[in-house]
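# Close look at the chain arrangement
Each chain, letter by letter, is given below.
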Amino acid sequence: MAEQEEFSDLHLDVQERLAAEALIVDVEGFEGPLDLLLTLSRTQKVDLLKISILKLAQQYLVFVERAKELRLELAADYLVMAAWLAFLKSRLLLPPDPADEGPSGEELAAHLAFQLQRLQAMRDAAAQLMARDQLGRDFFARGVPEGVERVRRVTYTATLLDLMQAYARTRTKDDFRPFVLDRESVFTMEEALDRMRGLIHFAGTWTSLSSYLPEGWEVDPAKRRSATAATFAASLEMVKQGQIEIRQGETFAPIEIRKKADGKA
Amino acid sequence: MSDTDSDQDNAVNAPEDSEQSLFEAPPLAEQERMVEAILFASAEPVGVGELNGRMPHGCDAGAALDLLRRRYEGRGVRVVKVGEGWAMRTAPDLAFLMQKETVETRKLSRAAIETLAIIAYHQPVTRAEIEEIRGVSVSRGTIDQLLELEWIRFGRRRMTPGRPVTFVVTQAFLDHFGLESARDLPGLKELRAAGLLENRVTPGLDGPQDDEDATGDDQVDMFEDDA
Amino acid sequence: MSDTDSDQDNAVNAPEDSEQSLFEAPPLAEQERMVEAILFASAEPVGVGELNGRMPHGCDAGAALDLLRRRYEGRGVRVVKVGEGWAMRTAPDLAFLMQKETVETRKLSRAAIETLAIIAYHQPVTRAEIEEIRGVSVSRGTIDQLLELEWIRFGRRRMTPGRPVTFVVTQAFLDHFGLESARDLPGLKELRAAGLLENRVTPGLDGPQDDEDATGDDQVDMFEDDA
């Protein structure tokens, strides 16, 4: 019955409908349903603390109704709010159902009133904040700030262990070896060339290269390796100079050389 | 004028009486000069800790700062507290002389201004709470703009499901609006007394109720830390 | 200077004697505040003409400037003439405050620590010898760095062709590594015992003893030089 009354009120209140229409023109200007509710609440011309939430819910529903009539698309959250307000309205109008759990209509209305007050309070606070003297507009910082020059000082550290490890590292390096060559076990190519140039005159037939190794160098493996390499390198050099010929029967077979027939030694 | 003059005399004379050694801190008057030079040179607020760090060993930047503040009382330039730092700023009543210095700042949208105010008054506050208060979702651009201005920053995560980030205002915010601390926000006491800074949640909804306790605690923490 | 001084005297007395109306210039003390704020906030030096232009009608910027200059005499900040304009600058004797030293600790590079180790074990040692032992050339930067750290210094020149310079370690080196003398460095045998040296050391190189013998005389020389 009460609801019936409200609806007749709703249809009769031309002023309210006109007001809702005026707001609809500006619907894009609202920041969501709460903002719209806050604006609607101002038409009640009372302190927010004394606002009639029931009346506000009606105002909102009229607004949504008008929007529908004008075939205006309202964003979903406006419609969700409308549904919730319709529910709130029925809660407020119907006598409370003792079997019903959950918050009462009054509690829900009080919360909505709180939300509106809080939003309004934040708006006022924002306005007060922006009205304050502001840096760069009302008061100013130093025009030519002198930056603090950062002087970076680097200190290096190393521990005794680092030092010892570094030393140990240098002493175990493989590439360290060539610098302290034991000269005694090295037969150089120059030495091999000298030796072969003297011997080749006697080599008219194919002779194994190994027979050209210097005396005393055949036994010790290190010496033998060095002498063989130097002799082989020397023989290649002599082939290049046209003094001797070189051949190898097959892979890993002994390398043989002989004096070139018309070669000048 | 006469006040500052007498201060100055005291400051200049007193420390000269005391004997100086290589290892003693410079006289207080000299320390005051140092604080003056440092604050003067910097566009940003400087903390007492940093002052002490930059001044010679044994200096008491806090005491020197007190002297300096008094000296600049009523001058065209003032020594102001900004959060944990100190800065020199021109007196606001002389703003009319400064039009030449004014830098055009980007106009903040209504959404940005409201969001900023909500963060300042409710900090630390989550995005969901901001949306609850404004009744509308907060666009990413709004938060980004405030972050870019360095007026807000991320606070601690909430210890609630989802561990949402919170937002708090920065020293640059305090500096910009000439506030010593967030406690000096206009109307803060009244708003709190009216219960309008509480994070009440729609009755019958359980979800965010967990948040409520957490918010309350954090907020108390913040303001008590400052005190 | 003398011109402005006399201006100032006139200016100080004149406005205070005369009665003030709405259309009269503000008191000189107020004008001084204005000049102070303008000079503080301005990024460029400001001329007296511009000061007068920005200040209310009837102001005497020159006189106000003189007052301001005197006020800042001996302070941490000074009013100085820059070209045709005036500016505020921190006092030059406080320039050291505008620096902030950050100390960074770094590990010595592998090349540097190896070079240092060789110098310590073989001192006095020439660059060629260091290179022979390390098997790679030693960059100038490495030697320079060790010299700069004052962990090595030049020793006597070798009495060999070319008279190459030698390097020796310093007292600072011994202090840093907690050694009484370079001879306290563990020998190769001890390094091996400590597991720092792999066992495949080339035979014949096993001689820190040999090395020590070889350089022993020189080392004594070095330490006697120091003493």
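Within each chain, residues carry numbers counting from 1 in the order of the written sequence. Think of it this way: whatever chain is written first is A, whatever ligand is written first is 1, and the rest follow in order. Given that this is a predicted model, residues contribute local features only at a pLDDT of at least 70 and side-chain atom pairs are listed and counted only at 80 or more, while totals for whole chains, interfaces and linings are drawn from all residues. Hydrogens and water molecules were not included; the side-chain quantities draw on all heavy atoms of the structure.

Bringing the overall build of chain B into the picture now. Under the scheme used here, helices are H or I runs from DSSP no shorter than 4 residues and strands are E runs no shorter than 2 residues, and both carry numbers assigned from the N terminus. A tally of regular secondary structure across chain B gives ten helices and six strands. Out of the 227 residues in chain B, the part that is buried amounts to 49%. For chain B, restricting intrachain contacts to residue pairs at least 6 apart in sequence, the fraction spanning at least 24 positions comes to 54%. All accessible areas in this document rest on Shrake-Rupley with a 1.4 Å probe, and a residue is counted as covered only by the protein chains that are shown. For chain B, the exposed surface amounts to about 11,300 Å²; the carbon and sulfur share of it is 49%. Each residue is assigned to one of three classes by its accessible area relative to the maximum for its type, calculated with a 1.4 Å probe on protein chains only: buried under 20%, partly exposed between the two thresholds, exposed over 50%. Between two residues, a contact is recorded if the distance between any of their heavy atoms is within 4.5 Å.

Before going further, it helps to examine helix 7 (residues 160-171) of chain A. For helix 7 of chain A, which comprises twelve residues, the first-to-last C-alpha distance of 17 Å matches the rise-based estimate of 16 Å (1.5 Å per residue) to within 8%. Residues of helix 7 of chain A that are buried: Asp162, Leu163, Met164, Ala166, Tyr167, Ala168, Thr170 and Arg171 of chain A. Working rule for helices: expected span equals 1.5 Å times residues minus one.

Moving on: the environment of Pro56 of chain C. Mapped onto the elements, Pro56 of chain C comes out in the loop between helix 3 (48-54) and helix 4 (61-71). Separated by 25 residues in sequence, Pro56 of chain C and Gln31 of chain C have C-alpha atoms that sit 8.9 Å apart. For Pro56 of chain C, the residues in contact, after removing those within four places along its chain, are Phe96 and Leu97 of chain B together with Pro26 and Met34 of chain C.

Before going further, it helps to examine the side chain of Gln134 of chain A. Structurally, Gln134 of chain A is set in the loop between helix 6 (105-131) and strand 1 (149-157). Given a relative accessible area of 9%, Gln134 of chain A falls into the buried group. When sequence neighbours within four positions are dropped, the list of residues in contact with Gln134 of chain A reads Phe139 of chain A together with His176 and Phe177 of chain B.

So, on to the packing of aromatic side chains. Residue and element names in this part refer to chain B. A pair of Phe, Tyr and Trp rings is counted when the ring centres sit within 6.5 Å of each other, with Trp represented by its six-membered ring. The angle between the planes then sorts it: under 30 degrees is stacked, over 60 is edge-to-face, the rest tilted. All chains considered together, the criterion is met by ten aromatic pairs over all chains. Both rings, one in Phe173 and one in Phe177, keep their centres 5.1 Å apart while their planes meet at 50°; by these two values the pair is tilted. With respect to class, Phe173 is no different from Phe177; both count as buried. Following the ring pairs from residue to residue traces out a cluster consisting of Trp151, Phe173 and Phe177.

Tallying the contact residues gives 32 residues for chain B and 32 residues for chain C. Defined here as a combined quantity, buried area equals the accessible surface (1.4 Å probe) lost by two parts on assembly, summed across both. Considering only the side of chain B, the residues that lose the most area to chain C are Arg33, Phe40 and Arg75 of chain B, jointly responsible for 26% of the buried surface there. Here, a salt bridge means any side-chain nitrogen of Lys or Arg that lies within 4 Å of a carboxyl oxygen of Asp or Glu. At the surface where chain B touches chain C, the tally comes to six salt bridges. Linking Asp93 of chain C and Arg33 of chain B is a salt bridge whose minimum nitrogen-to-oxygen distance equals 2.9 Å. Polar contacts here mean pairs of N or O atoms no more than 3.5 Å apart (in protein, one a potential hydrogen donor and the other a potential acceptor; neighbouring residues in sequence count only if both atoms are side-chain atoms). Counting every contact that joins chain B to chain C gives 15 residue pairs in polar contact (both at pLDDT 80 or more). With nine residues, helix 2 (residues 28-41) of chain B is the largest single contributor of residues to the side of chain B that touches chain C.

Summarising the element assignment, Leu116 of chain C is placed in helix 5 (residues 110-122). Placed 52 residues apart in sequence, Leu116 of chain C and Val168 of chain C show a C-alpha to C-alpha distance of 9.3 Å. Setting aside anything within four residues of it in sequence, one finds Leu116 of chain C in contact with Leu163 of chain A together with Leu108, Leu146, Trp151, Ile152, Val169, Phe173 and Phe177 of chain C.

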